[in-house]
Amino acid sequence: QVQLVESGGGLVQAGGSLRLSCAASGSIFSINAMGWYRQAPEKQREAVAIISSGGSTNYADSVKGRFAISRDNAKNTVYLQMNSLKPEDTAVYYCHAEGIYSGSYYYPDYWGQGTQVTVSS
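Because the structure is a prediction, the values reported are computed rather than measured. (Residues numbered from 1 in each chain as written. Predicted model: local features only at pLDDT ≥ 70, side-chain atom pairs only at ≥ 80, totals over all residues. Heavy atoms only, no water.)

A. Fine view of the pattern of salt bridges. Counted according to the given criterion, the structure contains 4 salt bridges. When the shortest N-O distance is used, the salt bridge between Glu46 and Arg38 registers 2.7 Å. Among the residues examined, Glu46 registers a relative accessible area of 34% and is labelled partly exposed. Here Arg66 makes a salt bridge to Asp89, at a shortest N to O gap of 2.7 Å. Here Asp89 lies in the loop between β9 (77-82) and β10 (91-102) and Arg66 lies in the loop between β7 (57-59) and β8 (67-72), a separation of 23 residues in the sequence. For the pair Arg66 and Asp89, one class covers both residues: buried. Residues joined in a network through salt bridges with shared partners are Arg38, Glu46, Arg66 and Asp89. (Salt bridge = Lys/Arg side-chain N within 4 Å of Asp/Glu carboxyl O. Buried < 20%, exposed > 50% of the residue type's maximum accessible area, 1.4 Å probe, protein only. Helix = DSSP H or I, 4+ residues; strand = E, 2+ residues; numbered from the N terminus.)

B. Highlighting a nonpolar patch on the surface. Taken together, the side chains of Phe29, Tyr101 and Tyr106 make up a nonpolar region of the molecular surface, amounting to roughly 400 Å² of accessible area. Mapped onto the elements, Tyr101 comes out in strand β10. A residue is classified by how much of its surface remains accessible, and Tyr101, at 42% relative accessible area, is partly exposed. (Patch = residues over 30% accessible without salt bridge, like charges linked within 9 Å, V, L, I, M, F, W, Y side chains within 5 Å. Areas by Shrake-Rupley, 256 points an atom, 1.4 Å probe, with all protein chains shown as cover.)

C. Molecular detail of the state of the cysteines. Scanning the model with the defined rule gives 1 disulfide in all. One disulfide bridge connects Cys22 with Cys95, the sulfur atoms lying 2.1 Å from each other. In this structure, the disulfide formed by Cys22 and Cys95 twists by about -80° around the S-S bond and is classed as left-handed. Taken as a pair, Cys22 in strand β3 (residues 18-25) and Cys95 in strand β10 lie far apart in primary sequence, 73 residues in all. As far as the burial class goes, Cys22 and Cys95 line up, both buried. (Disulfide = S-S within 2.5 Å.)

D. Highlighting the nonpolar core. Formed by 31 residues in total, the largest nonpolar core has its most connected members in Trp36, Val48, Phe67, Val78, Leu80, Met82 and Tyr93. For this core, the elements supplying multiple residues, two or more each, are β3, β4 (28-31), β5 (34-39), β6 (46-51), β8, β9, β10 and β12 (115-120). Broken down by element, the residue count for this core peaks at 5 residues, all from β10. In this structure, Tyr93 is in contact with Glu6, Leu20, Trp36, Tyr37, Arg38, Val48, Phe67, Leu80, Met82, Gly114, Thr115 and Val117, ignoring residues within four places of it in sequence. (Core = buried A, V, L, I, M, F, W, Y, C linked by side-chain atoms within 4.5 Å. Contact = heavy atoms within 4.5 Å.)

E. Examining the pairing of β12 more closely. Only one face of β12 is covered, namely the face carrying Thr115, Val117 and Val119; the face carrying Gln116, Thr118 and Ser120 is uncovered. As judged from the 4 bridges shared by strand β2 (residues 10-13) and β12, these two strands associate in the parallel manner. Looking at β12, one finds that Val12 is bridged to Val119. By the bridge criterion, 3 bridges tie β10 to β12 in an arrangement that is antiparallel. Across the sheet, the residue bridging to Val92 is Gln116, located in β12. (Pairing = 2+ DSSP bridges.)

Quick look at the structure:
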C-alpha cells in the first residue's frame with residue numbers, strides 16, 4: 001500500500017519561512033512527477049509547484065522567486081521550501097504524486113492527506 005505522508009506545516013508570521021516534506025512509502029519502484037497543491041477556504045485547489053523525475057520544475061506565478069521545490073528520488077521524497085510567506089499563502093497544502101510504480105501496481109494519481117499552512121499578518 002502506497003502512502004504519501006506530509007510534514008512541516010504550521011503557523012508562521014508574514015515574511016517567515018517553512019519547509020514542507022512529503023515522503024512516499026511502500027514498495028515503490030519509481031515516481032514520475034511530484035508536486036504541491038494548495039486549497040484555501042472557499043477556493044479551488046491550485047497547483048503550486050511541480051517537479052519531474054528528471055528535476056524540471058514549474059511554479060505558479062504567485063510563488064515564483066519565493067518557493068523552491070526539490071526531490072530526493074532515492075528517498076521518494078519531495079520538499080517545498082517556502083520563503084517570504086504572505087497571508088495569502090494560507091491554505092491546506094497537498095502533496096501529489098503522478099505515475100507511481102509499486103510492485104505490480106501502477107497508480108496514476110496519488111494524494112497526501114494535506115498539511116495546514118497559516119501565515120499571520
